[in-house]
Amino acid sequence: MAGPGADVRIFGTVISTYTRICQIACEEAGLPHDVIATPAHSPENRHPFGRVPVVEIDGLELIESVAITRYIDTAHNGGALQPADPAARAITDQWIAIANNYLFPLFENGLVMPWIMHRVGGIEPDVEAINRALPAISRALGFCEGELQARGGWTRHGFTLADVFLYPVLRSLELTPQGAAGIAQCDRLGEWLAACRERPSIVATRWEIET
Ligand SMILES: N[C@@H](CCC(=O)N[C@@H](CS)C(=O)NCC(=O)O)C(=O)O
């Protein structure tokens, strides 16, 4: 959802996990939003640590997707993506932290960036570096699959901020050939990704490279 007079301005890059996470939160809340293309390390990027996104909303300028998505959900979506039960909220927060601290760096550095640089920039990937990353990626996927098998979902509370963070992280991995092969061996993970792909907020924020 976008257009002139949008309520939210997201300064980020076109293929960016965290830009998409903020977009999904806006879509879930029904908040009109614009993405203003802003390369991470460009002079026009106002992020103090050179990352994206920076988000303008309700007179605030925010960085850090956890703070941004919690604000959007709390202020504009009645907290629908954050379970009220303290234990369920802790599990939601745990998955957000796992996505941010372990899965994203592992997938992004190991497979996703080399693949994007190859597809978009024509740069040959470092095959040895990719092969070194594969065992840890495979273990991480096995952990996620085991948790989904045990719980039937990340939190047992439907679609939450855990899904908002995990989807772009796992979807970007699935777009790489090796990531797709790994996920193909994880039935529950594949089913969860397929179910998310039907959700309007996910459809509305598809990356162009998802052909
Ligand atoms: N903790 C930040 C992470 C943001 C982040 O790492 N964004 C990536 C793009 S998805 C980025 O800016 N990468 C550029 C870089 O690491 O130099 C958040 O939650 O917003």
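> I tried to follow the nonpolar core on my own but got confused; where do I start?
Among soluble globular proteins, nonpolar side chains are generally buried collectively. Residues F107, L141, W154, L166, L170, L189 and W192 are the most contacted members of the largest nonpolar core, which totals 43 residues. Sorting the residues of this core by element identifies α1 (17–29), α3 (86–121), α4 (127–151), α5 (161–174) and α7 (187–198) as the ones contributing at least two each. Take this core: its biggest share by element is eleven residues, from α3. Domain assignment of the residues forming this core places at least three in each of domain 1 (8–76) and domain 2 (86–199). Setting aside residues up to four positions removed in sequence, L166 forms contacts with W95, A99, L103, W154 and W192. By size, the runner-up hydrophobic cluster in this structure holds twelve residues, among which are I10, C22, I68 and I72.

> Explain the site of the ligand here, please?
Neighbouring residues of the ligand: S16, T17, Y18, A40, H41, R51, V52, P53, E64, S65 and F104. The side chain of R51 places a nitrogen or oxygen atom 2.7 Å from an oxygen atom of the ligand. Take V52: an N or O atom from its main chain is 2.8 Å from a nitrogen atom of the ligand. Within the complex, the protein chains bury 78% of what would otherwise be the 510 Å² of accessible surface of the ligand. Of the residues assigned to the shell around the ligand, the class counts are five nonpolar, four polar and two charged.

> Is there a simple way to explain the sheet that holds strand β2 (residues 33–37) in this structure?
Strand-to-strand pairing in sheets goes through backbone hydrogen bonds, with the strands running parallel or antiparallel. Within the open sheet, the four strands sit side by side as β2-β1-β3-β4. Their pairing is mixed. The sheet terminates laterally at β2 and β4 (60–63), the two strands that pair on one side only. Pairwise comparison of adjacent strand axes, ignoring direction, gives a mean angle of 20 degrees for this sheet. In this sheet, strand β3 (residues 54–57) lies alongside strand β1 (residues 8–12) in antiparallel orientation, the contact comprising four bridges. When the sheet's bridge partners are listed, F11 is paired in β3 with V54. Contacts from α1 reach β1, β2 and β3, with the element oriented near 165 degrees to β1.

> Teacher, can you tell me more about the packing of α4 against α7 here?
The geometry of a pair of packed helices is captured by two quantities: the angle between their axes and the separation between those axes. α7 packs onto α4 with a crossing angle of 80 degrees between their chain directions and a minimal axis gap of 8 Å. Considering the angle they form, α4 stands roughly perpendicular to α7. Facing L141, C144, E145, L148 and Q149 of α4, the residues of α7 in contact are D187, R188, L189 and W192. A per-class count over the contact of α4 with α7 returns five nonpolar, one polar and three charged.

> What am I meant to see in the pattern of salt bridges here?
Opposite charge on two side chains allows them to pair when their charged atoms are near. Inspection of the entire model under this criterion finds eleven salt bridges. Between E210 and R20 there is a salt bridge, with its nearest N and O atoms 2.8 Å apart. With a gap of 190 residues between them, E210 in the segment after α8 (200–203) and R20 in helix α1 connect regions that are remote in the sequence. The pair formed by E210 and R20 is uniform in burial state, with each residue classed as buried. Close ionic contact of E147 with R151 constitutes a salt bridge, the shortest N to O distance being 3.3 Å.

Conventions we followed
- Residues numbered from 1 in each chain as written.
- Predicted model: local features only at pLDDT ≥ 70, side-chain atom pairs only at ≥ 80, totals over all residues.
- Heavy atoms only, no water.
- Core = buried A, V, L, I, M, F, W, Y, C linked by side-chain atoms within 4.5 Å.
- Buried < 20%, exposed > 50% of the residue type's maximum accessible area, 1.4 Å probe, protein only.
- Helix = DSSP H or I, 4+ residues; strand = E, 2+ residues; numbered from the N terminus.
- Domains from an automatic or database assignment.
- Contact = heavy atoms within 4.5 Å.
- Near = heavy atom within 4 Å.
- Polar contact = N/O pair within 3.5 Å; in protein donor to acceptor, adjacent residues only side chain to side chain.
- Areas by Shrake-Rupley, 256 points an atom, 1.4 Å probe, with all protein chains shown as cover.
- Nonpolar A, V, L, I, M, F, W, Y, C, P; charged D, E, K, R; others polar.
- Pairing = 2+ DSSP bridges.
- Axes fitted to C-alpha atoms, helices over the stretch in contact; angles between N-to-C directions.
- Parallel < 35°, antiparallel > 145°, perpendicular 65-115°, else oblique.
- Salt bridge = Lys/Arg side-chain N within 4 Å of Asp/Glu carboxyl O.

Purely geometric stuff here, so don't read any function into it on its own.
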